[in-house]
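Geometric and topological summary
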Amino acid sequence: MKQRLLKEIEAGTKSALLKKKIITHYIYNGGSTITDLAKELDLSVPTVTKFISEMCEDGYINDYGKLETSGGRYPSLYGLNPESGYFIGVDIKKFAINIGLINFKGDMVELKMNIPFKAENTPEALEELRKLIIQFIKKVEIPHEKILNININVSGRVNPESGYSFSQFNFEERPLAEILTEKIGIRVSIDNDTRAMAYGEYLKGCVKGEKHIIFVNVSWGLGIGIIIDGKVYTGKSGFSGEFGHTNTFDNEIICHCGKKGCLETEASGSALHRILLERIRKGENSILSERIDDVGNPLTLDEIISAVYKEEDLLCIEIVEEIGQKLGKQIAGLINIFNPELVIIGGTLSLTGDYITQPIKTAVRKYSLNLVNKDSAIMTSKLKDKAGIIGACMLARSRMFES
């Protein structure tokens, strides 16, 4: 019986569409009664009763008992059955991957952070990724048929609808999602890493009812996730959010995209790393000065971030603040264009806290329209380094059920 819904989804039936709407409602709103659900979805009570009954029978929905009301009959409260299915998220970083497993209700069941992995655009790296995912699946001891989807976060240009990645692991003409589904034996979807972070923050982070959100991911690179009216905006081909490749500076620094003058060349983790090395070599002092010539053990971005918020290294702080000012000026432009309720600063550099957010806020006030920036709160990511993996897990679930 459990496979009935999955077969209906694959067939694309009208029944499946309505059941997906019901599951999506429970994903975003938690439990509700049949009457409330019928009203929310603009369906008749008998229709909703029929579908809820089938989904309870299939094991996807639970009857959580009678809901106490002020008078009359007590209606039953229905919600997702946490054990009816599981979803895996994979968040690829530059030198590691994070893998998580959530249940049907969205609770994190298993989480492995910072598994060593070198994110290279090679078939060997893709094979290593497959092995690490398979190892994780074997260790969690969840039956294969209960893992309904795996979502993998990939940086750069990703089309989540077609399953194609155009920046990473693009060796074959077939979609990356299709290749990985074949290799792993479980349905796989892919999405852009920054969009996943935005979605994770939206569902489980600092968002408290806001529907119009810009998530700024300041990590090794720079990107934004856009949420409009509560829905993740992908653009026509899934390429939205390439904020770091806005041509901003008249410099001769070649970005990894191949062009010069990109915002990312002066306002990102890679820019912080490069500028720090340049300034130390010109004679400025830092607690990391002795680290820059260690060829066998190169200085990492994490070390620089730690030097800012743990060691309060003055040179590192100064560079972070300069990056915050440059970034804030461009975020002011985003605020003028999108008029969001909330701007979230996330990614590795957000771990420096006020050292980056205060210069951003100052620049936003200076360069954005007063009436517009009054609408926009600026906050630091609540999920921090877990935003990507939580978002990947949540996308694994929503990619399967959202219409």
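All of the points below concern the structure found in this document. (Residues numbered from 1 in each chain as written. Predicted model: local features only at pLDDT ≥ 70, side-chain atom pairs only at ≥ 80, totals over all residues. Heavy atoms only, no water.)

An order of β12-β11-β10-β13-β14 is seen for the 5 strands of this open sheet, with the pairing classed as mixed. Both outer strands of the open sheet, β12 (231-233) and β14 (377-380), are each paired with one neighbouring strand and no more. Strand after strand, the sheet turns through a mean of 25° between neighbouring axes, direction not considered. Pairing of strand β11 (residues 222-228) with β12, which is carried by 3 bridges, proceeds in the antiparallel orientation. What sits directly across from isoleucine 228, in β12, is lysine 231. (Pairing = 2+ DSSP bridges. Helix = DSSP H or I, 4+ residues; strand = E, 2+ residues; numbered from the N terminus. Axes fitted to C-alpha atoms, helices over the stretch in contact; angles between N-to-C directions.)

Owing to its 3.6 residues per turn, the α-helix brings residues three or four apart onto one side. Counted at 1.5 Å a residue, the expected span for helix α2 (residues 14-29) with its 16 residues is 22 Å, and the 23 Å between its end C-alpha atoms agrees. Among the residues of α2, those classed as buried are Ala16, Leu18, Lys19, Lys20, Ile22, Ile23, Thr24, His25, Tyr26 and Ile27. Note on α2: the residue one or two positions beyond its end, glycine 30, has a positive phi of about 75°. (Expected span 1.5 Å × (residues − 1). Buried < 20%, exposed > 50% of the residue type's maximum accessible area, 1.4 Å probe, protein only.)

What follows is about the pattern of salt bridges. Under the definition given, this model contains 20 salt bridges. Its salt-bridge partner being arginine 399, residue glutamate 161 comes within 3.4 Å of it at the nearest N-O pair. Taken together, the residues glutamate 161 in the loop between β7 (158-159) and β8 (164-165) and arginine 399 in helix α13 (residues 387-401) connect sequence positions 238 residues apart. Under the relative-accessibility criterion, glutamate 161 is labelled exposed at 65%. Classification of arginine 399 as partly exposed rests on a relative accessible area of 25%. Measuring nitrogen to oxygen at the nearest pair gives 3.6 Å for the salt bridge that ties arginine 291 to aspartate 294. For arginine 291, a relative accessible area of 16% corresponds to the buried category. (Salt bridge = Lys/Arg side-chain N within 4 Å of Asp/Glu carboxyl O.)

This brings us to the packing of α2 against helix α3 (residues 34-41). Working note: a packed helix pair is described by the angle between its axes plus the distance between those axes. Here α2 crosses α3 at 110°, and the two axes come no closer than 11 Å. Regarding the angle of α2 to α3, the classification is roughly perpendicular. Contacts between α2 and α3 pair Lys21, Ile22, His25 and Tyr26 from the former with Leu37, Glu40 and Leu41 from the latter. Here the residues of the contact of α2 with α3 sort into 4 nonpolar, 1 polar and 2 charged. (Parallel < 35°, antiparallel > 145°, perpendicular 65-115°, else oblique. Contact = heavy atoms within 4.5 Å. Nonpolar A, V, L, I, M, F, W, Y, C, P; charged D, E, K, R; others polar.)

What follows covers the environment of leucine 272. Structurally, leucine 272 can be placed in helix α8 (residues 269-281). Among the residues examined, leucine 272 registers a relative accessible area of 0% and is labelled buried. Counting along the chain gives 44 residues from leucine 272 to cysteine 316, while the straight-line C-alpha distance between them is 8.2 Å. Once residues within four sequence positions are removed from consideration, leucine 272 is found in contact with Leu301, Ile304, Ile305, Cys316, Ile319, Val320, Ile323 and Leu349.

Moving on: the environment of glutamine 358. With respect to the secondary-structure elements, glutamine 358 resides in helix α11 (residues 354-367). Considering only alpha carbons, one finds glutamine 358 and isoleucine 378, 20 residues apart in sequence, at a separation of 9.6 Å.

Okay, the nonpolar core next. Grouped together as the largest cluster of nonpolar side chains are 46 residues, with contacts concentrated most on Ile23, Tyr26, Ile52, Phe87, Phe104, Leu148 and Phe401. When residues no more than four places from it in sequence are discounted, the contact partners of tyrosine 26 are Gly31, Ser32, Leu37, Ile52, Ile61, Tyr78, Gly79 and Leu80. (Core = buried A, V, L, I, M, F, W, Y, C linked by side-chain atoms within 4.5 Å.)

Where α3 is concerned, the buried positions are Ile34, Leu37 and Ala38. Seen along its axis, α3 keeps its buried residues to an arc of 100°; they face one direction. What points out from α3, more than 90 degrees from its buried face, is the exposed set Lys39 and Glu40. Turning to α3, the residues buried within the fold contact α2, α4 (45-58) and β2 (76-80). With its phi angle positive at about 60°, aspartate 42 sits one or two positions after the end of α3. (Arc of directions from axis to C-beta.)

Moving on to the sheet that holds strand β6 (residues 147-154). What the 5 strands build is an open sheet, ordered β5-β4-β3-β6-β9; its pairing is mixed. Every interior strand has two partners, whereas the edge strands, β5 (108-116) and β9 (188-192), have only one. Strand-to-strand twist of the sheet, defined as the mean angle between neighbouring strand axes without regard to direction, takes the value 15°. Strand direction decides the pairing type here: β6 and β9, joined by 5 bridges, are parallel. The residue of β9 that forms the bridge with valine 154 is asparagine 192. Against the sheet, helix α5 (residues 123-140) engages β3 (86-92), β4 (96-103), β5 and β6, with an angle of about 35° to β4. Running at roughly 135° to β3, α13 makes contact with β3, β4, β5, β6 and β9 of the sheet.

This brings us to the packing of helix α9 (residues 301-309) against helix α10 (residues 314-338). Between α9 and α10, whose axes approach to 8 Å, the crossing angle comes to 100°. Considering the angle they form, α9 stands roughly perpendicular to α10. Two secondary-structure elements touch here, α9 through Ile304, Ala307 and Val308 and α10 through Cys316, Ile317 and Val320. Its residues placed into classes, the contact of α9 with α10 shows 6 nonpolar, no polar and no charged.

Attention now moves to the state of the cysteines. Throughout the structure, instances matching the rule amount to 0 disulfides. Here cysteine 255 is not cross-linked by a disulfide; its sulfur's nearest cysteine counterpart is in cysteine 257, at 3.8 Å. Classification of cysteine 255 by relative accessible area gives buried; the value is 6%. Of the cysteine sulfurs around cysteine 262, a residue in no disulfide, the closest is that of cysteine 257, at 3.7 Å. (Disulfide = S-S within 2.5 Å.)

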